Amino acid sequence: MKRALIACGGTGGHLSPGIALAEELVSRNWECTLLISNKQVDSRLVKKYEQFAYEAVDGRAFSLRPDRLLLFIVSLIKGTIRCSRMIHDRRPDVVIGFGGFLSMPAMLAGFFAGLPTVVHEANRVAGRVTRIVSWFARRIYLPKGVSIRTKRRSRIRYIGMPVRNEIKSISKSSAKETLGLNPAQKVLVIMGGSQGAEALNKWVKASLPSLAQKEVQVYCLTGGSETDGSMTFKSPKGEEVRSIFRRFSHDMATVLCAADLVVSRSGAGSIAEMMRCRAPGIMIPYPFSADDHQVANAKNFEMLGCGLQMSQDYLGDLLEEVREVIYNEWLLQKFRRNLEMADRADVQGFMAADLERIVSDSGFGKVRGNRQALQS
Ligand SMILES: CC(=O)N[C@H]1[C@@H](OP(=O)(O)OP(=O)(O)OC[C@H]2O[C@@H](n3ccc(=O)[nH]c3=O)[C@H](O)[C@@H]2O)O[C@H](CO)[C@@H](O)[C@@H]1O
């Protein structure tokens, strides 16, 4: 039996593809340990996936502020020591990093132990971890069209984002009913990635009466610690129009399939799942994402014809945009067709087959293998 250590915690955008890959590897008789953080977002998401082994590690994001840089270095050293012990105890055949602050110590520990290490980049701009570990990683998975400065181009494979098995397209009307919404009315889903988006939550709360006027129901994933709740408005025709607020959903397929339109942050995980569920969207990039990667993600989504993008600076125009798009059946149909074409099926199947090859190729002597990999 082969074993994998998958470093994927810190945000839903890293954890979800890690879970998707673990699902595939386990179906191929691998044993997987997922390295996660102690953050609430990780514990929420893994609740449903008790079949995997988890190890929680503390970590800190990189920062150039001297006090934070020092804390980062200390936590990197501690994390690498912890991961080295884990590797000694669990004896994985490969270490996989999905970016974020937990990948670095795991990949370093894997490298020092002479194991093959691979890194997956989800975003349209390669993150810091991907750029750094690319000098020793045996494989670098990048989205098509994304480049990285490395002399070892032969190690790059262009693939999309692994999506969890449970994220599947289901009928819109039954999805609406499951959420407690009226299947005869439009549904606007608002979400801000795994931790919510305050700006989008505020926008939708202020827009509820205007949306209800047009008989648009709202399902908002608020993230954070707000309480769940719902509200009912009356439309000019006297119809009841519901708005539901939830902190977190454990059934994203139903939420996305119920949506006639989504207003969302442009995290790579949300985008991949919207493609899988054929949910068109207006993407509002998080304005402070590293290297503006959410802007690049949103631009690509729009370029593929899957929806639109809008800067958070123009939230004042969003209501008008939503009202126009959500009743434009021709446009929505076009978006849905493009979402279907953009959906990269079975990314985890490709990755798992590639990992099996990497592991069997490196079986001749792990430390020697890493030395050769560095020299090539
Ligand atoms: C603020 C920030 O920098 N966010 C980054 C983070 O995404 P972040 O975690 O914010 O968001 P993503 O959109 O990538 O993924 C969200 C994931 O959480 C799940 N989910 C979300 C809400 C919910 O109620 N239930 C639930 O299960 C979704 O199904 C999805 O799998 O990592 C992504 C992948 O590197 C990046 O593209 C994002 O830019």
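Residues numbered from 1 in each chain as written. Predicted model: local features only at pLDDT ≥ 70, side-chain atom pairs only at ≥ 80, totals over all residues. Heavy atoms only, no water.

Draft legend 1. A look at the site of the ligand. Contacts to the ligand come from 23 residues, most closely from Asn-123, Ser-194, Ser-270, Glu-273 and His-293. The backbone of Ser-249 places a nitrogen or oxygen atom 2.8 Å from an oxygen atom of the ligand. With respect to the ligand, the side chain of His-293 contributes an N or O atom lying 2.5 Å from an oxygen atom. Within the complex, the protein chains bury 89% of what would otherwise be the 760 Å² of accessible surface of the ligand. Residue assignment for the shell around the ligand shows that the elements contributing at least two residues are helix 1 (12-27), helix 9 (268-277) and helix 10 (293-303). For the shell around the ligand, a count of residues per class yields six nonpolar, 15 polar and two charged. Both domains that furnish three or more residues to the shell around the ligand are identified here as domain 1 (3-161 + 345-365) and domain 2 (172-342). (Near = heavy atom within 4 Å. Polar contact = N/O pair within 3.5 Å; in protein donor to acceptor, adjacent residues only side chain to side chain. Areas by Shrake-Rupley, 256 points an atom, 1.4 Å probe, with all protein chains shown as cover. Helix = DSSP H or I, 4+ residues; strand = E, 2+ residues; numbered from the N terminus. Nonpolar A, V, L, I, M, F, W, Y, C, P; charged D, E, K, R; others polar. Domains from an automatic or database assignment.)

Draft legend 2. Seen up close, helix 12 (residues 329-342). Helix length check: helix 12 (14 residues) gives 20 Å between terminal C-alpha atoms against 20 Å at 1.5 Å per residue, within 8%. All of the buried residues along helix 12 are Leu-331, Leu-332, Phe-335, Arg-336, Leu-339 and Ala-342. Seen along its axis, helix 12 keeps its buried residues to an arc of 135 degrees; they face one direction. The exposed residues of helix 12 that point more than 90 degrees off its buried face are Trp-330 and Met-341. (Expected span 1.5 Å × (residues − 1). Buried < 20%, exposed > 50% of the residue type's maximum accessible area, 1.4 Å probe, protein only. Arc of directions from axis to C-beta.)

Draft legend 3. Representation of the sheet that holds strand 12 (residues 261-264). Taking strand neighbours across the sheet as the criterion, the seven strands line up as 10-11-9-8-12-13-14 in an open arrangement whose pairing is mixed. Strand pairing shows two members of the sheet lacking a second neighbour, strand 10 (229-234) and strand 14 (307-309), which therefore form its edges. On average, each strand axis in the sheet is tilted by 15 degrees relative to the strand beside it, whichever way the strands run. Note that strand 8 (residues 186-191) and strand 12 share four bridges and pair parallel. Pairing of Val-189 across the sheet is with Val-262, part of strand 12. Across the face of the sheet, helix 7 (residues 198-213) comes into contact with strand 8, strand 9 (216-221), strand 10, strand 11 (240-246) and strand 12 while running at roughly 165 degrees to strand 9. Contacting strand 8, strand 9, strand 12, strand 13 (281-283) and strand 14, helix 11 (residues 318-326) crosses the sheet at an angle of about 155 degrees to strand 12. (Pairing = 2+ DSSP bridges. Axes fitted to C-alpha atoms, helices over the stretch in contact; angles between N-to-C directions. Contact = heavy atoms within 4.5 Å.)

Draft legend 4. Fine view of the packing of aromatic side chains. With the rule as written, the count across this model stands at six aromatic pairs. On the basis of an interplanar angle of 40 degrees and a centroid distance of 4.8 Å, the ring pair of Phe-111 and Phe-136 is categorised as tilted. One end of the pair, Phe-111, is in helix 4 (residues 103-112); the other, Phe-136, is in the loop between helix 5 (128-133) and strand 6 (139-142), with 25 residues separating them in the sequence. The burial state of Phe-111 is the same as that of Phe-136; both residues are buried. Connected via pairs of aromatic rings, a cluster forms that spans Phe-111, Phe-112, Trp-135 and Phe-136. (Phe/Tyr/Trp six-rings, centres within 6.5 Å; stacked < 30°, edge-to-face > 60°.)

Draft legend 5. Local environment of the nonpolar core. Membership of the largest hydrophobic core comes to 32 residues, with the highest contact counts inside it found for Val-189, Met-191, Tyr-219, Leu-256, Val-262, Met-274 and Phe-301. For this core, the secondary structure elements donating two or more residues are strand 8, strand 9, helix 8 (252-258), helix 9, helix 10 and helix 12. Counting residues per element, this core draws most heavily on helix 9, which supplies six residues. When neighbours within four sequence positions are excluded, Leu-256 is seen to be in contact with Met-191, Val-262, Glu-273, Met-274, Cys-277 and Ala-279. Core analysis: the second largest hydrophobic core is formed by 28 residues, Ala-4, Leu-15, Val-94 and Ile-159 among them. (Core = buried A, V, L, I, M, F, W, Y, C linked by side-chain atoms within 4.5 Å.)

Draft legend 6. Region of the structure containing the UniProt feature "transmembrane region" (unreviewed entry) in the protein. Residues annotated by UniProt as "transmembrane region" (unreviewed entry) correspond here to residues 94-115. In residues 94-115, the share of helix is 45% and the share of strand is 18%. The end C-alpha atoms are 6 Å apart. (UniProt positions renumbered as here; feature names shortened; annotations may be inferred.)

Draft legend 7. Spotlight on the environment of Gln-312. In this fold, Gln-312 is placed in the loop between strand 14 and helix 11. Along the primary structure Gln-312 and Pro-287 are separated by 25 residues, whereas in three dimensions their C-alpha atoms are 7.2 Å apart. Residue contacts for Gln-312: discarding those within four places in its chain leaves Ala-199, Arg-265, Ile-284, Pro-285 and Pro-287. Within the structure, Gln-312 has its side chain in polar contact with the side chain of Arg-265 (distance 2.7 Å).

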